[in-house]
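Summary of the model geometry
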Amino acid sequence: MVKSLPFVDLKAQYARIEADIRAGLDRVLAHGRYVMGPEIEELEAALADFCGAGHAVTCASGTVALQIPLMAEGIGPGDAVFVPAFTFVASAEVILSLGATPVFVDVDPESFNIDPADLERRIAAVRLEGRLTPRAAIAVDLFGRPADHPALAALCARHGLFLLDDAAQGFGGAIGERRIGAWGDACATSFFPAKPLGCYGDGGAILTDDPDKAHIFRSIRNHGAGDDRYDIVRLGMNGRLDTMQAAVLLAKLRIFEDELEARDALARHYDRRLAGAVRIPARMPGARSAWAQYTIRLGNRDRVKTLLQDAGVPTAVYYPLPMHLQPAYVAYASGAGACLAAEALCNEVLSLPMHPYMTSADADYVCDRVLDAVAKASAEAA
Ligand SMILES: *Cc1c(COP(=O)(O)O)cnc(C)c1O
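So, here is what we can say about the structure in this document. Residue positions are given per chain, counted from 1 along the sequence in the order it is written. Local features are withheld for residues below a pLDDT of 70 in this predicted model, meaning they are given only at 70 or higher, and side-chain atom pairs are given and counted only at 80 or more; totals for whole chains, interfaces and linings count all residues. Hydrogens and waters are ignored; side-chain quantities use all the structure's heavy atoms.

**Re the sheet that holds strand 1 (residues 55-59)**
Spelled out, the test is: Criterion used throughout: strands pair if DSSP finds at least two bridges between them. Going along the chain from the N terminus, every DSSP run of H or I of four or more residues is numbered as a helix, and every run of E of two or more is numbered as a strand. Orientation is described by axes fitted as lines to C-alpha atoms, over the contacting stretch for helices, and by angles from 0 to 180 degrees between their N-to-C directions. In this analysis, two residues are considered to be in contact whenever any of their non-hydrogen atoms come within 4.5 Å of each other.
Spatially, the 7 strands line up as an open sheet ordered 1-9-8-5-4-2-3, and their pairing is mixed. With partners counted over all chains shown, the strands left at the sheet margins are strand 1 and strand 3 (101-105), one partner each. On average, adjacent strands in this sheet sit at an angle of 25° to one another, irrespective of strand direction. Here strand 4 (residues 133-140) runs beside strand 5 (residues 162-166); their pairing, made up of 5 bridges, is parallel. What sits directly across from Ala137, in strand 5, is Leu163. Contacts from helix 6 (residues 149-159) reach strand 4 and strand 5, with the element oriented near 155° to strand 5.

Okay, structure coming up:
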């Protein structure tokens, strides 16, 4: 029998928390404070508490959450911001939108995350060239696996760079006892519906331990207002999260830890069944992934993807093209060498269905179909 499985199952999650979500939305409808209502502060306290950061500042999207800290640092024309070549476009977009220059850094082929050794090389190359000032680096916790934050923190401190963690996919992860959100000078996350912690529209948050930075982030989020809302002290924007989305997130945060465990159990199930046939995701010792994606590597990727589609197993290619080869960004490809690991990954990666509500039988169905498809594709190629 051919099944038709979802890639992410938001309906199963809703069935579990419907009463809590509806009660939260009813409270917002009753008080009517749709912008900056009391749920915003409640959510910010809960997010900071969850990840052990001093402050959380909610905002309109993950992209805005990346942009605000860079604005607060005064990053603009003439500044170099280092960003991995293998990531979602938003990580690089915010740099360019501030008039700064993205400098693409290659990734580690095992973790898919920014390679600290290559970052060091590219900082040196920018300094040597002397055209741009190295100002900041963006670490992305791609697919949920934490970047090498201890190494990156030391490196950025040594070079005087502001370190921003793009945890749109990584929120919920940890290295040792320290959760994502508490790494970097600031951390940005996204509540886009398909992220590990998602709302029912767009949303995001910035986390930081620094009370002065948090104060500036809040000001930028609200049109650059000072202590009086009509006293405009800096350039800002309308970057606020809606109260309704905060109510949704409060309900989802209550089950998040349990969902993270279910994601991890599914990842281990995939590991057990698929190791040997494909390259399963490597783990950083002592780190915990939020499993935004479970991404395998294989030859014949496109053929395997088609065979899986025919068998009712949806998959996704994140990402088919690295940032430095995207038409709108190719002009910023660094002279300090190509990003060969990122380019190779784009031809090999395949993300399998990943969500906390997959049954063990469905996980086995996915694995059986992957094993069949890999065998068939390699027989065809022989
Ligand atoms: C989703 C995502 C973003 C952007 O988040 P939005 O809420 O969609 O703006 C940024 N970076 C990464 C790595 C993402 O996956």
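**Looking at the sheet that holds strand 6 (residues 174-175)**
With antiparallel pairing, the 3 strands of this open sheet are ordered in space as 7-6-10. Strand pairing shows two members of the sheet lacking a second neighbour, strand 7 (178-179) and strand 10 (287-288), which therefore form its edges. Where strand 6 and strand 10 come together, 2 bridges link them in antiparallel fashion. From the neighbouring strand, Ala174 faces strand 10, where its bridge partner is Arg288.

**Examining the pairing of strand 5**
To keep things clear, this is the line we draw: Accessible area is worked out with a 1.4 Å probe on protein chains only. A residue is then buried under 20% of its type maximum, exposed over 50%, and partly exposed in between. When the strands point away from the viewer, a crossover counts as right-handed if the route from the first strand across the helix to the second turns clockwise.
In terms of burial, strand 5 is a largely internal element, 5 of the 5 residues being buried. Residue alternation in strand 5 divides its side chains into two sets, Phe162, Leu164 and Asp166 and Leu163 and Asp165, and both sets are buried. Following the chain from strand 4 across helix 6 to the adjacent parallel strand 5, one finds a crossover that is right-handed. Both strand 5 and strand 8 (residues 186-190) contribute to a ladder of 3 bridges, which runs parallel. If you follow Asp165 over to strand 8, its bridge partner there is Cys187.

**Digging into the pairing of strand 3**
Looking down a regular strand, the side chains alternate between one sheet face and the other. For strand 3, a buried count of 5 out of 5 residues is recorded, marking the element as mostly surrounded by other parts of the structure. Both faces of strand 3 are covered, namely the face carrying Thr101, Val103 and Val105 and the face carrying Pro102 and Phe104. Alignment of strand 2 (residues 79-84) against strand 3, held across 5 bridges, turns out to be parallel. Residue pairing across strands places Ala80 opposite Thr101, the latter belonging to strand 3. In this fold, the crossover linking strand 2 to strand 3 by way of helix 4 (residues 90-97) has right-handed handedness.

**Here we look at the pattern of salt bridges**
Note the following rule: Salt bridge criterion: a side-chain nitrogen from Lys or Arg within 4 Å of a carboxyl oxygen from Asp or Glu.
The full count for this structure, using the stated rule, is 24 salt bridges. Note that Arg22 is salt-bridged to Glu18, the shortest N-O span being 3.0 Å. On the criterion of helical spacing, the pair formed by Arg22 and Glu18 is a turn pair, its members being 4 residues apart in helix 1 (residues 10-31). When its relative accessible area of 47% is taken as the criterion, Arg22 is described as partly exposed. A relative accessible area of 32% places Glu18 in the partly exposed class. Residues Asp364 and Arg273 are paired through a salt bridge, measuring 2.8 Å at the closest nitrogen-oxygen approach. Separated by 91 residues along the polypeptide, Asp364 in helix 12 (residues 360-381) and Arg273 in helix 9 (residues 256-274) bring together distant segments of the chain. Taking relative accessible area as the criterion, Arg273 reaches 28% and is therefore assigned partly exposed. Beyond isolated ion pairs, a larger network of salt bridges with shared partners links Glu44, Arg218 and Arg221.

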